[in-house]
Amino acid sequence: MSFCILFGGKSYEHEISIVSAIALKKLLPQVKHFVFLDALHNFYLIPIQNMQSKFFSSKEYIKAQKIYPKKDGFYLRTFFGEKPLNLPILINLIHGGDGEDGSVASLLDFYGIPYIGPRNPACVLSFDKELTKLLAKGRGVLSLEYRVLYRDMPIPKNLTFPLIIKPARLGSSIGISIVESQEKLQYALESAFLALLESVS
């Protein structure tokens with residue numbers, strides 16, 4: 001079975017997705033098709049020989065063929081009109097926002113493009129850490145105690161240390177701090193809130 005790797009996206013983990021796609025190319029030499037989604041939400045068909053980190057960091061990818069999604073697949077605009085690419089089934093390798101929050105899954109579902117990856121409802125529940133906790137609790141799955149804090153809330157005084165501060169809607173390692181004492185809590189919270197703000201700007 002052949003696959004097409006979809007990677008990139010607009011998120012803090014954009015570069016991680018690129019590195020993952022390059023690594024997968026080495027692990028699965030039978031994969032011949034790569035579709036890159038840049039931070040401006042343009043899709044590009046990337047020749048396999050250009051699957052190198054420098055090709056993306058130098059923005060050389062903008063010289064690749066720009067493609068776009070349409071019913072049942074991706075298309076290329078030519079002088080004579082549209083040309084279907086007939087790509088094999090996609091593997092959604094986009095990390096963070098776009099890939100893990102359900103945006104790309106919704107787009108692919110909307111156009112009827114077959115892909116491997118979680119669907120929108122699973123993405124929404126798993127990307128938001130509070131919703132994940134609520135789902136786990138509702139299903140009887142044991143998990144650590146937690147508290148949701150908002151930017152304008154007073155800092156609680158009855159916390160047990162050490163504790164972990166995590167933005168509710170970012171990747172697995174972005175804006176995370178291990179806090180050993182009350183004195184270090186304010187800085188960790190500000191770092192988490194700043195990471196959230198930067199992710200949507």
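Residues numbered from 1 in each chain as written. Predicted model: local features only at pLDDT ≥ 70, side-chain atom pairs only at ≥ 80, totals over all residues. Heavy atoms only, no water.

**Q** Mind showing me how you'd approach the side chain of Asn92 here?
**A** Mapped onto the elements, Asn92 comes out in strand β7 (residues 89–92). Assessed through its relative accessible area of 14%, Asn92 is described here as buried. A polar contact is formed between the side chain of Asn92 and the backbone nitrogen of Ile94, at a distance of 3.2 Å. The contact partners of Asn92, leaving out residues within four places of it in the chain, are Leu6, Gly99, Val104 and Ile116. (Helix = DSSP H or I, 4+ residues; strand = E, 2+ residues; numbered from the N terminus. Buried < 20%, exposed > 50% of the residue type's maximum accessible area, 1.4 Å probe, protein only. Polar contact = N/O pair within 3.5 Å; in protein donor to acceptor, adjacent residues only side chain to side chain. Contact = heavy atoms within 4.5 Å.)

**Q** Sorry if this is basic, but what is going on with the pairing of strand β4 (residues 65–70) here?
**A** Within a regular strand, the side chains alternate between the two sheet faces. For strand β3 (residues 43–46) and β4, the ladder comprises three bridges, and the chain directions are antiparallel. Residue pairing in the sheet places Tyr44 in a bridge with Lys66 of β4. Sheet topology places β4 next to strand β5 (residues 73–78); four bridges connect them, and they run antiparallel. By the bridge assignment, Lys70 is partnered in β5 with Gly73. Remark: two residues form the turn of the hairpin made by β4 and β5, two consecutive strands paired antiparallel; Asp72 in that turn has positive phi of roughly 75°. (Pairing = 2+ DSSP bridges.)

**Q** Would you explain helix α4 (residues 103–111) in this entry?
**A** Because the α-helix completes a turn every 3.6 residues, residues three or four places apart line up on one side. Residues Val104, Ala105 and Leu108 constitute the buried set of α4. Looking straight down α4, one finds its buried side chains confined to an arc of 100°; they lie on one side. Following α4 by one or two positions, Gly112 has its phi on the positive side, about 70°. (Arc of directions from axis to C-beta.)

**Q** Looking at this structure, I do not really get the nonpolar core. What am I missing?
**A** Soluble globular proteins: nonpolar side chains tend toward being buried together. Counting residues in hydrophobic clusters, the biggest one holds 18 residues, and the most contacted among them are Ile5, Phe7, Phe36, Ile46, Met51 and Phe56. Looking at this core, the elements with two or more residues in it are β1 (3–8), α1 (14–27), β2 (33–37), β3 and α2 (53–57). Filtering out sequence-adjacent residues up to four positions away, Ile5 remains in contact with Ala21, Leu24, Val31, His33, Phe34, Val35, Ile91 and Leu93. Core analysis: the next-biggest nonpolar cluster, separate from the first, contains 17 residues, Cys4, Val35, Leu90 and Leu108 among them. (Core = buried A, V, L, I, M, F, W, Y, C linked by side-chain atoms within 4.5 Å.)

**Q** Before we go on, may I ask you to explain the packing of helix α5 (residues 120–127) against helix α6 (residues 129–138) in this structure?
**A** Any two packed helices are characterised by how steeply their axes cross, that is the angle between the axes, and by the distance between the axes. For the pair α5 and α6, the least separation of the axes is 5 Å and the interaxial angle reads 100°. Judged by the angle between their axes, α5 and α6 are roughly perpendicular. For the pair α5 and α6, the contacting residues are Val124, Leu125, Ser126 and Phe127 in the first and Lys129, Leu131, Thr132 and Leu135 in the second. Across the contact of α5 with α6, the residue classes tally to five nonpolar, two polar and one charged. (Axes fitted to C-alpha atoms, helices over the stretch in contact; angles between N-to-C directions. Parallel < 35°, antiparallel > 145°, perpendicular 65-115°, else oblique. Nonpolar A, V, L, I, M, F, W, Y, C, P; charged D, E, K, R; others polar.)

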